[in-house]
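Each chain, written out:
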Amino acid sequence: MKVIVDLCVVPIGVGVSVSKYVAECQKVLQEAGLEHQLHAYGTNIEGEWDAVFAAIKRCHQRVHAMGAPRITTSIKVGTRTDRDQTMQDKIDSVTNGNL
């Protein structure tokens, strides 16, 4: 099943700046070959359910390996059965006025 996920991984106990941890999660998504888009407060990811959630698990593993003792993660998940829809399709439907 295809899924679009909005992911926000927040390491706790590592100080104020978390950019190096976010960058590590981006590497995980790239290594997994998943389509993703970074935004100001998270990352949108699209792909097959199992591949996306396996990558999220690897993000947690890598961030812990970098020294983060705790992680809190927010995840929004969307699936459709009526048709395939990409992240770009969703953006285009708004920017092109196809409401």
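Every value quoted in this text rests on a predicted model; they were computed, and no experiment measured them.

### Some thoughts on the overall build of the chain
A tally of regular secondary structure across the chain gives three helices and four strands. Listing every helix and strand of the chain by position from the N terminus yields β-α-β-β-α-β-α. For the chain, the spread of C-alpha atoms along the principal axes amounts to about 45 × 25 × 20 Å. When burial is assessed residue by residue, the chain has 28% of its 99 residues classed as buried. Counting every atom, the chain has about 6,400 Å² of accessible surface; 52% of that belongs to carbon and sulfur. In the chain, which carries 11 positive and 11 negative side-chain charges, the distance between the mean positions of the two groups comes to 9 Å.

### Side note on the sheet that holds strand β3 (residues 42–48)
As summarised here, the arrangement of the four strands in space is β2-β3-β1-β4, forming an open sheet in which the pairing is antiparallel. The open sheet has two edge strands, β2 (35–39) and β4 (70–78), and neither has a second partner. Taking each pair of neighbouring strands and ignoring which way they run, the sheet shows an average axis angle of 20°. Bridging between strand β1 (residues 2–12) and β3 involves six bridges; their strand directions are antiparallel. Directly across from K2, in β3, lies its bridge partner E48. Of the strands in this sheet, β1, β2 and β3 are in contact with helix α1 (residues 19–31), which crosses β2 at around 165°. Here helix α2 (residues 49–65) sits on the sheet in contact with β1, β3 and β4, set at roughly 165° to β4.

### A few points about the pattern of salt bridges
Pairing of side chains with opposite charge becomes possible as their charged atoms draw close. Counted by the stated rule, this structure contains five salt bridges. Its salt-bridge partner being E24, residue K27 comes within 3.7 Å of it at the nearest N-O pair. Placement of both K27 and E24 in helix α1 is noted, with a separation of three residues, approximately one turn of the helix. Here K27 falls in the partly exposed class, since its relative accessible area comes to 43%. Relative accessible area serves as the criterion here: at 15%, E24 is assigned to the buried category. With a closest N to O distance of 2.6 Å, R80 and D82 form a salt bridge. Its relative accessible area of 35% is what places R80 among the partly exposed residues.

### Examining a negative patch on the surface
Together, E48, D50, D84 and D89 make up a region of like negative charge exposed at the surface. Along the polypeptide, D89 turns up in helix α3 (residues 87–95).

### Concerning the pairing of β3
Buried residues dominate β3, accounting for five of its seven residues. Inspection of the sheet shows β2 paired to β3 by five bridges, in the antiparallel sense. Bridge pairing links Q37 to N44 in β3.

Criteria and thresholds
Residues numbered from 1 in each chain as written. Predicted model: local features only at pLDDT ≥ 70, side-chain atom pairs only at ≥ 80, totals over all residues. Heavy atoms only, no water. Helix = DSSP H or I, 4+ residues; strand = E, 2+ residues; numbered from the N terminus. Buried < 20%, exposed > 50% of the residue type's maximum accessible area, 1.4 Å probe, protein only. Areas by Shrake-Rupley, 256 points an atom, 1.4 Å probe, with all protein chains shown as cover. Lys, Arg positive; Asp, Glu negative; His and termini not counted. Charge placed at Lys NZ, Arg CZ, Asp CG, Glu CD. Pairing = 2+ DSSP bridges. Axes fitted to C-alpha atoms, helices over the stretch in contact; angles between N-to-C directions. Contact = heavy atoms within 4.5 Å. Salt bridge = Lys/Arg side-chain N within 4 Å of Asp/Glu carboxyl O. Patch = residues over 30% accessible without salt bridge, like charges linked within 9 Å, V, L, I, M, F, W, Y side chains within 5 Å.

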